[in-house]
Amino acid sequence: MDNQNIVLTKEMFARVGVNEQQSEKVARPSISYWQDAWRRLKQNKVAMISMGFLIFVILMCIFAPYIYPHSYDEQNLAYTNQGSTVHHIFGLDDLGRDIFARIWVGGRVSLSIGLIGAVISLVVGVIYGGISGYFGGVIDDVMMRIVEVLVGIPYMVVVILVSIVLGKGMVSLIIALCITSWTGLARLVRGQVLNLMECEYILAAKALGTPIYKIISKHLLPNILSIIIVNTTFTIPGFIFSEAFLSFIGMGIQPPNTSWGAMAALGQQQMSYYPHELLFPAAAISLTMLAFNLLGDGLRDAFDPKLRQ
């Protein structure tokens, strides 16, 4: 067999199983974890509709009282308990006040309590649970026993005690609800941190003498941030419902201020003859809580690494 120089050309090779157009379709640009989560969230139509509804409610609570011609405390005693009309979209209550205007002013209070309470619970729960999980040992045992004691206290007892000391109102209500609401997130964060502390990259960072704040900011926090976001989304409707329930039984927002729960309490007295006075605030509570829960479900699916493709 003669030894000859063989020149290889492009035409001597053929693609197997994929042509050039298919290869371009297969190759996709690299995206980050957060970009991928947003992409999958946008594919969840129910979650996106819920997000749009919540944005609409928040915008209405902010701007509607300024552009609507009737004030929330304006009384028209000649037309008390009037149903829906062109001038009064949701009708009037037993004191002749416009229910549409009061819905958005009350929404400010209910949503504020939900958002402020969720943020306070988030900060306290993450810090407390992170410290407990990071240091472990005796510190973890002591801190978790404190959490167990707080969990065992009924929040109604806390609300009553705080109301006696500080009086009834928005501030005392937020304080009472936040005293024990952070314990669930603290337990969740503590468990996640304990699992992450056993990972090799965390052990390597500690062995190299990496400062604690860098381990927390670069390794621990990014890995539990998605769980925190999802949990907070579910916490907000819990605060809204608690405020509505406490206001309904007279332990929450007091006149002349109003909230969805306070409006439902007043509407319940007129329910037999004027159901619209209860229907609209109850619908506002129910739809807002449903939207937050559906958005939370969508975020949980979007952040779940098992669903990544």
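Residues numbered from 1 in each chain as written. Predicted model: local features only at pLDDT ≥ 70, side-chain atom pairs only at ≥ 80, totals over all residues. Heavy atoms only, no water.

A. Fine view of the pattern of salt bridges. On inspection of all chains with the given rule, the structure shows 7 salt bridges. Of the charged contacts, one joins Asp 36 and Arg 40 as a salt bridge, the two residues approaching to 3.4 Å between their closest N and O atoms. Taken together, the positions of Asp 36 and Arg 40, both in helix H2 (residues 33–43) and 4 residues apart, correspond to about one turn of that helix. Here the two residues Asp 36 and Arg 40 agree in accessibility, since each one is buried. Between Arg 145 and Glu 148 there is a salt bridge, with its nearest N and O atoms 2.9 Å apart. Of this pair, Arg 145 and Glu 148 both sit in helix H5 (residues 137–151), separated by 3 residues, roughly a single helical turn. (Salt bridge = Lys/Arg side-chain N within 4 Å of Asp/Glu carboxyl O. Helix = DSSP H or I, 4+ residues; strand = E, 2+ residues; numbered from the N terminus. Buried < 20%, exposed > 50% of the residue type's maximum accessible area, 1.4 Å probe, protein only.)

B. Quick peek at the confidence of the model for the chain. Overall, the prediction assigns the chain a mean pLDDT of 84, with 89% of residues at 70 or greater. Averaged over each element, pLDDT in the chain is lowest for helix H1 (residues 20–26) (49) and highest for helix H3 (residues 45–67) (94). (pLDDT = per-residue confidence, 0-100.)

C. Looking closely at the environment of Ile 240. Relative to the assigned elements, Ile 240 resides in helix H10 (residues 212–248). For Ile 240, a relative accessible area of 0% translates into the label buried. Between the alpha carbons of Ile 240 and Trp 260 there is a distance of 8.9 Å; along the sequence they are 20 residues apart.

D. Summary view of the nonpolar core. The biggest cluster of nonpolar side chains holds 32 residues, and the ones touching the most others in it are Ile 103, Trp 104, Leu 111 and Trp 260. Looking at this core, the elements with two or more residues in it are H2, H3, helix H4 (99–135), H10, helix H11 (260–269) and helix H12 (276–303). Examining the composition of this core, we find that 9 residues originate from one element, H12, more than from any other. Setting aside chain neighbours within four positions, we find Ile 103 in contact with Phe 90, Trp 260, Met 263, Phe 280, Pro 281 and Ala 284. Ranked by size, the runner-up nonpolar core spans 14 residues in total, among them Val 109, Val 162, Leu 173 and Cys 178. (Core = buried A, V, L, I, M, F, W, Y, C linked by side-chain atoms within 4.5 Å. Contact = heavy atoms within 4.5 Å.)

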